[in-house]
2 protein chains.
Amino acid sequence: MNILITSGGTSEKIDQVRSITNHSTGQLGKMITEHCLAEGSSVTLLTTAKAVKPDPHQNLTIKIIEDTEQLLTAMEGLVPAHDVLIHSMAVSDYKPVYMVGFEEVLASSDLAEFLGKSNAESKISSADDYQVLFLKKNPKIISKVKEWNPNIRLIGFKLLVGVSKEELLATARASLEKNQAELIVANDLTEISNGQHHAYLLGADTVTEAFSKEEIAEQMLSHIQKGDSS
Amino acid sequence: MNILITSGGTSEKIDQVRSITNHSTGQLGKMITEHCLAEGSSVTLLTTAKAVKPDPHQNLTIKIIEDTEQLLTAMEGLVPAHDVLIHSMAVSDYKPVYMVGFEEVLASSDLAEFLGKSNAESKISSADDYQVLFLKKNPKIISKVKEWNPNIRLIGFKLLVGVSKEELLATARASLEKNQAELIVANDLTEISNGQHHAYLLGADTVTEAFSKEEIAEQMLSHIQKGDSS
């Protein structure tokens, strides 16, 4: 099988020295990659410069991206050539549009003007006591995957923070249906720490529970192989 | 000599999964630390989890911080116990106060209300097409150093992007005088790349020029030793 894995967290530049970064070490994506390689699959890993990476392997290709736009372009090219997509990357929901001093925002008669501006300077001034950053929603990449390749088997992730099991599973099920995924790994940041990683792997008719990154990778591979032999 | 070195870049949390990060690998701080240790000094290195770090050494203590507030608290405690401060960390100018949908900002009759709010949710909603992030200026730590220890020898850094040599040196001189530093390392991001790092080391009566991180570290140590023997 040809498996495409995304891993790490995207960053969106505010200027040349500052970015908004989504936290993700890439540890889980690394472990899933290693499991897939051990099972004999070929893996393309789309990740970031800062994420941890697997050791080199003859069946592993690593491509580095930084922001959501680069990720979208890379995935549009790669998704059609793969059988399975494991989309574990933490993708930035918003990207910076314009940063400006609060006084200038106060003085504006039409705040929408700022949504059409962009900063010309390479390093935004730090003179103002308060600043205002306008951000625009990024495209939801996961919702485009089936347009690019209707046959790809999609495994998505849903990370929430401090919610109930019911809310977590309901949000995961909504994502499963909306994105035509066959599995969503649902986890809560408050249940992830060194060595521990609690997650539910939610399929159309199944829910399994994992308590470590190792278990998540094992259950996911088991799921993929079942689907492959059927 | 007891030398305090700051290195890497601070991050300021927007919520539990997103931060604004100042880019800095920590490579230069690592090299300066190694040079100081080789000369027989004791070093306290204040840095971040993501920055590259020197190998363990009996005269090296490493302390990890994440944001500007933690850096300030750590430095207030450490500055009085050191002879020299080499402040190479990229410190966040602003910290997030409140993030809200653009429509809610449009509907507000008093934008100042948002400066007093804070997000209760752990992961801010991504429903709005546009969002607005209000940020507050952080205290300028370098300006407090001499209050904490009037006798400490202060070496600061000034990073600009795409400016002339004249503007770079003038900005560095202003920082030298304002912060009572004895040396400012002035550099331009457009002149820093793999293996190359152009910088001016500006003192009260001297300017030397370096073309690599190695040369910056050597010239800085040479400067510190001259001052120490006089």
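Residues numbered from 1 in each chain as written. Chains lettered and ligands numbered in written order. Predicted model: local features only at pLDDT ≥ 70, side-chain atom pairs only at ≥ 80, totals over all residues. Heavy atoms only, no water.

Chain A appears in an unreviewed UniProt entry as Phosphopantothenate--cysteine ligase from Streptococcus cristatus.

All names here are of chain B. Mapped onto the fold, Pro 139 is located in the loop between β8 (130-137) and α4 (145-148). Assessed through its relative accessible area of 39%, Pro 139 is described here as partly exposed. When sequence neighbours within four positions are dropped, the list of residues in contact with Pro 139 reads Thr 68, Leu 72 and Lys 144. (Helix = DSSP H or I, 4+ residues; strand = E, 2+ residues; numbered from the N terminus. Buried < 20%, exposed > 50% of the residue type's maximum accessible area, 1.4 Å probe, protein only. Contact = heavy atoms within 4.5 Å.)

Taken as a whole, this structure holds eight aromatic pairs over all chains when the rule is applied. Relative to A:Tyr130, the ring of A:Phe102 has its centre 6.4 Å away and its plane inclined at 65°; by these criteria the two rings are edge-to-face. Of this pair, A:Phe102 sits in helix α3 (residues 102-106) while A:Tyr130 sits in strand β8 (residues 130-137), placing them 28 residues apart in sequence. You can call A:Phe102 buried: its relative accessible area is 5%. Looking at A:Tyr130, the relative accessible area reads 24%, which means it is partly exposed. Three or more aromatic residues joined by ring pairs make a cluster, and in this case those are A:Tyr98, A:Phe114, A:Phe134, B:Phe102 and B:Tyr130. (Phe/Tyr/Trp six-rings, centres within 6.5 Å; stacked < 30°, edge-to-face > 60°.)

A positive phi is found at A:Gln180, a non-glycine position, where the angle reads about 55°. Counting through the fold element by element, A:Gln180 comes out in the loop between α5 (165-178) and β10 (183-193).

If you check helix α1 (residues 27-38) of chain B, its first and last C-alpha atoms are 17 Å apart, about what 12 residues at 1.5 Å a residue would give, namely 16 Å. When we look at burial in α1(B), the residues that qualify are B:Leu28, B:Gly29, B:Ile32, B:Thr33, B:His35, B:Cys36 and B:Leu37. (Expected span 1.5 Å × (residues − 1).)

The subject of this paragraph is the interface of chain B and chain A. At the junction of the two partners, chain B supplies 37 residues and chain A supplies 37 residues. For the pair chain B and chain A, the two sides together bury roughly 3,700 Å², of which 61% comes from carbon and sulfur. Together, B:His23, B:Tyr94 and B:Tyr130 form the three largest contributors to the area buried by chain B at its contact with chain A, with a combined 16%. Summed over the shared surface of chain B and chain A, the number is two salt bridges. (Buried area = accessible area lost by both parts, 1.4 Å probe. Salt bridge = Lys/Arg side-chain N within 4 Å of Asp/Glu carboxyl O.)

Attention now goes to the environment of B:Val97. Residues and elements named next belong to chain B. Mapping Val 97 onto the fold places it in strand β7 (residues 94-101). Sequence-wise, Val 97 and Leu 135 are 38 residues apart; in three dimensions their C-alpha atoms are separated by 5.1 Å. If we skip the residues at most four places from it in the chain, Val 97 touches Phe 114, Leu 115, Lys 117, Ser 118, Asn 119, Phe 134, Leu 135 and Lys 136.

This part covers the pairing of strand β1 (residues 2-6) of chain A. Residues and elements named next belong to chain A. Burial analysis of β1 places four of its five residues in the buried class, which makes it a mostly covered element. The pairing of β1 with strand β4 (residues 42-47) spans five bridges and is parallel. Pairing of Leu 4 across the sheet is with Thr 44, part of β4. (Pairing = 2+ DSSP bridges.)

Another aspect to go through is the relation of the copies chain B and chain A. For the pair chain B and chain A, the superposition axis carries a translation of 0.0 Å, the fit reaches an RMSD of 0.0 Å, and the rotation angle comes to 180°. Both copies of the chain, as the preceding transformation shows, are related through a two-fold rotation axis. When C-alpha distances to the rotation axis are compared across chain B, the minimum falls at B:Ile20, with a value of 2.2 Å. A high fraction, 100%, of the interface residues of chain B reappear at the interface in chain A, so the copies pair face to face through one surface. (Least-squares fit on C-alpha atoms with pLDDT ≥ 70 in both.)

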